[in-house]
Amino acid sequence: MKYGKTILAAALIAAAMNLSFAGDVQLGIPKAWNVNAGYQDHYLVGIDPSESSKDKKALVIESKDNAEDKFVALTQTIDAAPWQGKRVQFLIEYKVSEGTSNAEIFMHANEGSDTDKGNSSTTSTDLKAKDWKTEKIVMIIGKTLTQLQIGAGIKGQGKLWIRDVKLQEAIQPSKEEQEKKRRLDQLVHMGTMSQSATNLNFSE
């Protein structure tokens, strides 16, 4: 009986270890990517097998309890020359955990690492999806810009998963499509000018 209990206990321990291993995050920064210094004190970064597939590895960024006023950013900086003068789109499939309010993806370009000259950037900050969703940001890369940085991260507490990252040239909308997207204020002609705005409450 004692031998049987020992075998049962060993089997239960082995099963628990296998379940734990299957859900463990493989900590580490993927090749070619960078993370801001000191992030390990406040965040965990790595591949999450439970959200990954054979074709899509899912990276997770998760805060520790002491990350309230901190941030973590996963970035990659590349040569902007091939993109100069082009309309570029950065796409990431992402999702966040409940309570994550400061997740971002961003694209930034400048004329060199030691200057903000020619600085150009675009950011998507309202990342709220709890199920996988593709987020896209688009930017025209100026002809003098030499460095292009792409990235994602969180501020404070939260958990962000990202996968299926793409950087590609965006198709320029046709004139017809651009006309459809023009804002109302661009379509309306200026009226008669007065000294100041009046009757804003429609009382007259």
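Scroll up to find the structure.
Report follows, based on the coordinates. (Residues numbered from 1 in each chain as written. Predicted model: local features only at pLDDT ≥ 70, side-chain atom pairs only at ≥ 80, totals over all residues. Heavy atoms only, no water.)

## Some remarks on the overall build of the protein
Working step 1: Within the protein, the secondary structure is distributed over three helices and eleven strands.
Working step 2: The linear arrangement of helices and strands in the protein, starting from the amino end, is α-β-β-β-β-β-β-β-β-β-β-β-α-α.
Working step 3: Evaluated residue by residue, the protein yields a buried proportion of 31% over its 204 residues.
Working step 4: Of the contacts made within the protein by residues no fewer than 6 positions apart, 74% connect residues no fewer than 24 positions apart. (Helix = DSSP H or I, 4+ residues; strand = E, 2+ residues; numbered from the N terminus. Buried < 20%, exposed > 50% of the residue type's maximum accessible area, 1.4 Å probe, protein only. Contact = heavy atoms within 4.5 Å.)

## Structural notes on the pattern of salt bridges
Working step 1: Within this structure, the stated rule accounts for eight salt bridges.
Working step 2: Note that Glu 62 is salt-bridged to Lys 159, the shortest N-O span being 3.7 Å. Residue Glu 62 is found in strand E4 (residues 59-63), and its partner Lys 159 is found in strand E11 (residues 159-169); the two are separated by 97 residues along the sequence.
Working step 3: Given a relative accessible area of 27%, Glu 62 falls into the partly exposed group.
Working step 4: Using a relative accessible area of 22% as the deciding quantity, one classes Lys 159 as partly exposed.
Working step 5: Note that Glu 104 is salt-bridged to Lys 155, the shortest N-O span being 3.2 Å. Note that Glu 104 is positioned in strand E7 (residues 103-110) and Lys 155 in strand E10 (residues 147-155), a separation of 51 residues in sequence.
Working step 6: Relative accessible area serves as the criterion here: at 17%, Glu 104 is assigned to the buried category.
Working step 7: Connected through shared salt-bridge partners, Lys 56, Glu 93, Arg 163, Asp 164 and Lys 166 make up one network. (Salt bridge = Lys/Arg side-chain N within 4 Å of Asp/Glu carboxyl O.)

## Quick notes on the sheet that holds strand E9 (residues 133-140)
Adjacent strands of a sheet pair through backbone hydrogen bonds, lying either parallel or antiparallel.
Working step 1: Strand order in the open sheet formed by six strands is E1-E3-E4-E11-E6-E9, and the pairing between neighbours is antiparallel. This sheet does not close on itself; its edge strands, each paired only once, are strand E1 (26-27) and E9.
Working step 2: Sheet topology places strand E6 (residues 87-96) next to E9; eight bridges connect them, and they run antiparallel. Residue pairing for E9: Glu 93 is matched across the bridge by Thr 134. (Pairing = 2+ DSSP bridges.)

## A few points about the environment of Glu 169
Working step 1: Topologically, Glu 169 is positioned in strand E11.
Working step 2: A relative accessible area of 46% means that Glu 169 is categorised as partly exposed.
Working step 3: Taking the C-alpha atoms as reference points, Glu 169 and Met 139, 30 residues apart in sequence, are found 9.7 Å from one another.
Working step 4: For Glu 169, the residues in contact, after removing those within four places along its chain, are Trp 83, Lys 86, Arg 87, Val 88 and Gln 89.

## Quick notes on the packing of aromatic side chains
Working step 1: By the definition in use, this model includes zero aromatic pairs.
Working step 2: When the ring centre of Trp 161 is taken as reference, the NZ or CZ atom of Lys 95 above it lies at 5.1 Å.
Working step 3: The ring of Trp 132 has Arg 163 lying over it, and the distance from NZ or CZ to the ring centre is 3.8 Å. (Phe/Tyr/Trp six-rings, centres within 6.5 Å; stacked < 30°, edge-to-face > 60°. Lys NZ or Arg CZ within 6 Å of the ring centre and 35° of its normal.)

## Quick notes on unusual backbone geometry
Working step 1: For Ala 32, which is not a glycine, the phi torsion comes out positive at approximately 80°.
Working step 2: Note on placement: Ala 32 falls in the loop between E1 and strand E2 (34-35).
Working step 3: For Asp 164, which is not a glycine, the phi torsion comes out positive at approximately 50°.
Working step 4: You can call Asp 164 partly exposed: its relative accessible area is 30%.

## Concerning the nonpolar core
Working step 1: Counting residues in each nonpolar core, the largest one holds 33 residues, and the members touching the most others are Ile 61 and Leu 160.
Working step 2: Elements with a contribution of two residues or more to this core: strand E3 (43-47), E4, strand E5 (71-79), E6, E7, E9, E10 and E11.
Working step 3: Other than its neighbours up to four places away in sequence, Leu 160 contacts Leu 59, Val 60, Ile 61, Tyr 94, Lys 95, Val 96, Ala 103, Ala 152, Gly 153 and Ile 154. (Core = buried A, V, L, I, M, F, W, Y, C linked by side-chain atoms within 4.5 Å.)

Just geometry here; none of it tells us what the structure is for.
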